[in-house]
Every structure is written in structure tokens, then in C-alpha cells.
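# Topology and contacts: notes
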Amino acid sequence: QVHLVESGGGLVQAGGSLRLSCAASGRTFSTNNMGWFRQAPGKEREFVAIITWAGGNTYYLDSVRGRFTISRDTAKNTVYLQMNSLKPEDTAVYYCAADLVTMRIGIVTKVNEYGYWGQGTQVTVSS
């Protein structure tokens, strides 16, 4: 059975940092693009970042570019999201996800393009 398990969330003051981890089990995702999404109360789930399986290319939501960094450790089947200079508007439940399509070329940012999801981890940024 495939599982994605996020960890590393918590409460932090504005300007602080957190590092989220997403550990996969049940299968390897070395040939899947991996993404991070977030969902704030009353809002739709939104794309945050993606790292491609081929070349490790990255792409970010405009509002987090320059503050967040996505990375992956293929050997550990784990994806990370380093979040710096956090703002109150970053408060949300953060989810990691694996691309529905194996070995897809290109950037995917839509929720329905991802087929595996974690349970989410809460990030709260106080002002």
C-alpha cells in the first residue's frame, strides 16, 4: 500500500523557518514529479512547488518563490520543503503529492494531475 507521510509542521513566528518532509513508502517515486500544495481554511487547495523527476527542475508559486525551496532525496524516497521568511499568509495545511503520470515531462500544477497524497501537516505562522 502506498503512503505519503508529511512531517515538520508547527507553529512559528513571522520571519521564522520550517522544514517539511514527505516520506513515501510502498513504491518508489523516483520517476514521478513531486509537489507540495497547501490549503488554508475556507480556500481551495493551491499549488506551492514542484520538483521534476528528470533533472530535478523546480517551479514555485509566485508568492513563495525566493523563500521556499523544494528538494528530494531519491535514495530515501523523500521530498522536502524548506520554508524561510514565513508570513502569516503562509498558514495552511501543507500536503505533498506525487504526479499521477510516471516519467511525465513538464511542470504540473493542478490538483487533479496528482494521484497520491499525504494526510497533510499544519503550518501556523503568527504575526
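Residues numbered from 1 in each chain as written. Predicted model: local features only at pLDDT ≥ 70, side-chain atom pairs only at ≥ 80, totals over all residues. Heavy atoms only, no water.

## Side note on the sheet that holds strand 3 (residues 18-25)
If you trace the 4 strands from one edge of the open sheet to the other, you get 1-3-8-7, paired in antiparallel fashion. Both outer strands of the open sheet, strand 1 (3-7) and strand 7 (68-73), are each paired with one neighbouring strand and no more. For this sheet the average axis-to-axis angle between neighbouring strands, irrespective of direction, equals 15°. (Pairing = 2+ DSSP bridges. Helix = DSSP H or I, 4+ residues; strand = E, 2+ residues; numbered from the N terminus. Axes fitted to C-alpha atoms, helices over the stretch in contact; angles between N-to-C directions.)

## Observations concerning the pattern of salt bridges
Using the criterion set out here, one finds 5 salt bridges in the structure. One continuous salt-bridge network, built from bridges that share partners, spans R38, E46, R67 and D90. (Salt bridge = Lys/Arg side-chain N within 4 Å of Asp/Glu carboxyl O.)

## Some thoughts on the packing of aromatic side chains
Taken as a whole, this structure holds 7 aromatic pairs when the rule is applied. Ring geometry for F29 versus Y116: centroids 5.3 Å apart, planes at 65°, classification edge-to-face. Pair noted here: F29 is in the loop between strand 3 and strand 4 (34-39) and Y116 is in strand 10 (residues 114-117), with a separation of 87 residues, a long-range link. Take Y116: its relative accessible area is 28%, and that puts it in the partly exposed class. The structure contains a cluster of three or more aromatic residues connected by ring pairs, namely F37, F47, Y59, Y95, Y114 and W117. Over the ring of Y80 we find R19; its NZ or CZ atom is 4.0 Å from the centre of that ring. Across the ring face of W117, the terminal group of R45 is positioned such that the distance to the ring centre comes to 4.9 Å. (Phe/Tyr/Trp six-rings, centres within 6.5 Å; stacked < 30°, edge-to-face > 60°. Buried < 20%, exposed > 50% of the residue type's maximum accessible area, 1.4 Å probe, protein only. Lys NZ or Arg CZ within 6 Å of the ring centre and 35° of its normal.)

## Some details on the nonpolar core
For soluble globular proteins, nonpolar side chains are generally found buried alongside one another. Core analysis: the biggest nonpolar cluster contains 26 residues, and W36, L81, M83 and Y94 have the highest contact counts within it. Secondary structure elements with two or more residues in this core: strand 3, strand 4, strand 5 (46-51), strand 7, strand 8 (78-83), strand 9 (92-99) and strand 11 (121-126). The residues contacting Y94, other than those within four sequence positions of it, are E6, L20, W36, F37, R38, V48, F68, L81, M83, G120, T121 and V123. By size, the runner-up hydrophobic cluster in this structure holds 6 residues, among which are F37, F47, I50 and V108. (Core = buried A, V, L, I, M, F, W, Y, C linked by side-chain atoms within 4.5 Å. Contact = heavy atoms within 4.5 Å.)

## Details of the state of the cysteines
Counted by the stated rule, this structure contains 1 disulfide. Between the sulfur of C22 and that of C96 lies a disulfide, 1.9 Å long from S to S. With the S-S dihedral at roughly 50°, the linkage between C22 and C96 falls on the right-handed side. With C22 in strand 3 and C96 in strand 9, this residue pair connects regions lying 74 residues apart in the sequence. This pair shows no difference in class: C22 is buried, exactly as C96 is. (Disulfide = S-S within 2.5 Å.)

## Section: the pairing of strand 8
Among the 6 residues that make up strand 8, 5 are buried, leaving the element largely enclosed by the rest of the structure. Where strand 3 and strand 8 come together, 6 bridges link them in antiparallel fashion. Paired with C22 across the strands is V79, a residue of strand 8. Alignment of strand 7 against strand 8, held across 6 bridges, turns out to be antiparallel. The residue bridging S71 from the neighbouring strand is Y80, located in strand 8. Connecting strand 7 to the next strand, strand 8, in antiparallel fashion are 4 residues, including N77 with a positive phi near 55°.

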